[in-house]
Amino acid sequence: MITRRSFLKNTALTGTAITLAPLPAAFASGKSESVNKATNKVEPKMKTRELGSLEVSELGLGCMNMAGNYNPPADHQQSIKTIRTAFENGVTFFDTAEVYGPYTDEILVGEALQPFRDQVKIATKFGFAIDGTVALDSRPKRIKKVVEESLKRLRTDYIDLYYQHRVDPNVPIEDVAGTIKDLIQQGKVLHFGLSEASPRTIRRAHAVQPVSAVQSEYSMWTRNVELNGVLKTCEELGIGFVPWSPLGSGFLTGKYDTTTKFDKETDFRAGFPRYSKEFMPLNMPLIEWLKGYAANKNAKPSQVALAWLLAKSPSIVPIPGTRFEDHLLENLGAQNLVLTQKDFQDIDTMLSKFPIYGERMGEAHMSSIDYTL
C-alpha cells in the first residue's frame, strides 16, 4: 500500500461543428484482468488510461449525486454497494469533493473504498467557501486546513488527485499551485488538478506545479472545451482531461423529456436553463436522434455518448455519476462499444446539426467559471 512515508521515499520531491480528431490506434492497455468462465481465457476487465502520470481506469465513477444535488441524498448502503460494484467491475477512479453534501460524500467514499484503498485512485476537491453560497476560497491557509479534514473523512493519508474546484479570482493561481506543491512534497497529495479552468490559468499553474488533470463539463451537448482552447492546452502540456457530467446531467441517457419535473428544493437541474420549459423542447431533437443511433448499434444512448468521448482522445477519462447499480453497469458497457472512424465522423456531423439552447448551469454556478466560451 502506498503511504505518505513510502511516497516521500520514492519521490525526490454547444452543438457546434468541430474539426474531426483521428481515432487513436488503440486504447491504452489495462492491467486489470478476469477469467471468462465459458472459455477459461484471461480477458481484460477494464482498460486504463493516464492522467499525466496518474494511471486510472478509462471510465471513472462520479459520486456527487450520492450526496444529493440531483435528487435528495441516496440511501447510504445503496451508495456503498454501487461504489463497490464499480470496483468489482474494474473501476479504479472515484471522484468526490468536500462541498458535496457538504462533507458527507467524502465520508461515504472513504467508507466504501477503505477495504481496497491501495487499489484505487481517489480524486477530491477544495475551493468553495461552503458558507451557503457559491463563494470561493482558495487561500493557502485554508487549503492546508481543509486537506487535513478531507484526509480524515476519506480514511486515508494521501489524496491521489487534488483539484481546485473552481479558480478563485482573489488568490493568484501560482499561490494555489505552490501550496499543492508543498502538500505533494509532504506526501499528503500525489497529483494536482484544476476544474473549470481557462487555458491561461492552466498554463500558469502548470509552470509552478505540473497539473495531472483538468476537469470540465464535456459531453455531446456541452462542447465548450473544444472551442475555448482547454482541450488543446491539455494535449500540448500532456495533461489528462476528465469530463464531468459526460451524460449531460442525465439528458443523454434518454430518460428525461418535456414532461420531466425537477424539485427546486433538492435538484440543481430545476435552475438549469437547458432543462427549462422554454428550452427543453428545443433540445429534444438531439436526444431523439441519439436514441435512434444507439438502437441501430444495439446500445444505450448513454453508452454511445460515453464511447464518443472515449474515442476523442486516449487522455480523456469520463466520470459518469450514478447512485444505482443498474445505471452503473449500463454506463460501463460503453467500454465495449467500439466506434469506427466512420461512426465518429457520422456522429460529429449529426451533432453539428443540433444547436443547443440554454446555458448549461444556472447563473450563480456559471459565475464561478474561469472562462466564457
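On a predicted model such as this, the values are computed, not experimentally measured, just so you know.

Asker: Can you explain the overall build of the chain? Please cite residues and give values.
Answerer: Looking only at helices and strands, the chain has 13 helices and 11 strands in total. Taking all 373 residues of the chain together, 55% fall into the buried category. With the model as given, the accessible surface of the chain reaches about 16300 Å², and the carbon-plus-sulfur share is 52%.

Asker: Lay out the pairing of strand β10 (residues 211-217) in plain terms, naming residues and giving numbers.
Answerer: Of all seven residues making up β10, seven are buried, and the element is well covered by its neighbours. Pairing of strand β9 (residues 192-195) with β10 involves four bridges; the strand directions are parallel. When the sheet's bridge partners are listed, Gly193 is paired in β10 with Ala213. Traced from β9 through helix α6 (residues 199-208) to β10, the parallel crossover comes out right-handed. For β10 and strand β11 (residues 240-244), the ladder comprises five bridges, and the chain directions are parallel. Following the sheet pairing, Gln215 is matched in β11 by Val242.

Asker: Break down the sheet that holds β11 for me, citing the residues and quoting the values.
Answerer: Overall, parallel pairing links the seven strands, which are arranged β5-β6-β7-β8-β9-β10-β11 in an open sheet. Pairing within the sheet leaves two strands with one partner each, and these edge strands are β5 (61-62) and β11. Alignment of β5 against strand β6 (residues 93-95), held across two bridges, turns out to be parallel. Across the sheet, the residue bridging to Gly62 is Asp95, located in β6. Sheet strands in contact with helix α8 (residues 230-237) are β10 and β11, and its direction is about 150° off that of β11.

Asker: Tell me about the packing of helix α4 (residues 140-153) against helix α5 (residues 173-185), and please be specific about residues and values.
Answerer: Packed helix pairs are characterised by how far apart their axes lie and by the angle those axes make with each other. Where α4 contacts α5, the axes come no closer than 9 Å and their chain directions differ by 35°. Along this stretch, α4 crosses α5, giving a crossing that reads as right-handed. Here α4 contributes Pro140, Ile143, Lys144 and Val147 to the contact with α5, which in turn contributes Asp175, Val176, Thr179, Ile180 and Leu183. Split by residue class, the contact of α4 with α5 holds six nonpolar, one polar and two charged.

Asker: An account of the packing of helix α2 (residues 76-88) against helix α3 (residues 104-113) is needed here, citing residue identities and associated values.
Answerer: As a packed pair, α2 and α3 sit with axes 9 Å apart at the nearest point and diverge in direction by 55°. Between α2 and α3, the angle falls in the class oblique. When the axes of α2 and α3 are compared, the crossing they make is right-handed. Counted together, His76, Gln77, Ser79, Ile80, Ile83 and Arg84 of α2 and Leu108, Val109, Glu111, Ala112 and Leu113 of α3 form the full contact between these two elements. Counted by class, the contact of α2 with α3 contains six nonpolar, three polar and two charged residues.

Asker: How would you sum up α3? Please name residues and give values.
Answerer: Every α-helix winds through 3.6 residues per turn, so residues three or four apart in the chain are directed the same way. For α3, a buried count of seven out of 10 residues is recorded, marking the element as mostly surrounded by other parts of the structure. Every buried residue belonging to α3 is among Asp105, Glu106, Leu108, Val109, Gly110, Ala112 and Leu113, and all of these are buried.

Asker: Can you explain the nonpolar core? Please cite residues and give values.
Answerer: Ile83, Phe93, Phe94 and Tyr162 are the most contacted members of the largest nonpolar core, which has 105 residues in total. Beyond its immediate sequence surroundings of up to four residues, Ile83 is in contact with Leu61, Cys63, Met66, Phe94, Leu108, Val109, Ala112 and Leu113.

Asker: Can you tell me about the packing of aromatic side chains, naming the residues and giving the values?
Answerer: Scanning the entire structure with this criterion turns up 12 aromatic pairs. Look at Phe87 and Phe116: their rings are 3.8 Å apart centre to centre, the planes differ by 5°, and that puts the pair in the stacked class. With Phe87 in helix α2 and Phe116 in the loop between α3 and β7 (121-126), this residue pair connects regions lying 29 residues apart in the sequence. Pair check on accessibility: Phe87 and Phe116 agree, each one buried. Their ring planes at 40° and their centres at 5.4 Å tell us that Trp289 and Tyr293 sit as a pair that is tilted. Residue Trp289 and its partner Tyr293 are both found in helix α9 (residues 280-296); the two are separated by four residues, about one turn of the helix. You can call Trp289 buried: its relative accessible area is 16%. Within the aromatic cluster, the residues linked to one another by ring pairs are Trp221, Phe251, Tyr256, Phe262 and Tyr275. If you follow Arg274 out to its NZ or CZ, it ends over the ring of Trp221, 5.2 Å from the centre.

Asker: Outline the pattern of salt bridges, supporting the account with residue identities and numerical values.
Answerer: According to the stated counting rule, one finds 22 salt bridges in the structure shown. The partner of Glu217 in a salt bridge is Arg360, and the shortest N-O contact between them spans 2.9 Å. Separated by 143 residues along the polypeptide, Glu217 in strand β10 and Arg360 in the loop between α12 (341-351) and α13 (363-366) bring together distant segments of the chain. Residue Arg360 is classed as buried on the basis of its relative accessible area, which comes to 4%. Where Lys312 meets Glu226, a salt bridge forms, and the shortest distance between an N and an O atom there is 3.5 Å.

Here is what the cut-offs are and how they apply
Residues numbered from 1 in each chain as written. Predicted model: local features only at pLDDT ≥ 70, side-chain atom pairs only at ≥ 80, totals over all residues. Heavy atoms only, no water. Helix = DSSP H or I, 4+ residues; strand = E, 2+ residues; numbered from the N terminus. Buried < 20%, exposed > 50% of the residue type's maximum accessible area, 1.4 Å probe, protein only. Areas by Shrake-Rupley, 256 points an atom, 1.4 Å probe, with all protein chains shown as cover. Pairing = 2+ DSSP bridges. Right-handed = clockwise from strand over helix to strand, strands pointing away. Contact = heavy atoms within 4.5 Å. Axes fitted to C-alpha atoms, helices over the stretch in contact; angles between N-to-C directions. Left-handed = near helix turned anticlockwise from the far one by under 90°. Nonpolar A, V, L, I, M, F, W, Y, C, P; charged D, E, K, R; others polar. Parallel < 35°, antiparallel > 145°, perpendicular 65-115°, else oblique. Core = buried A, V, L, I, M, F, W, Y, C linked by side-chain atoms within 4.5 Å. Phe/Tyr/Trp six-rings, centres within 6.5 Å; stacked < 30°, edge-to-face > 60°. Lys NZ or Arg CZ within 6 Å of the ring centre and 35° of its normal. Salt bridge = Lys/Arg side-chain N within 4 Å of Asp/Glu carboxyl O.

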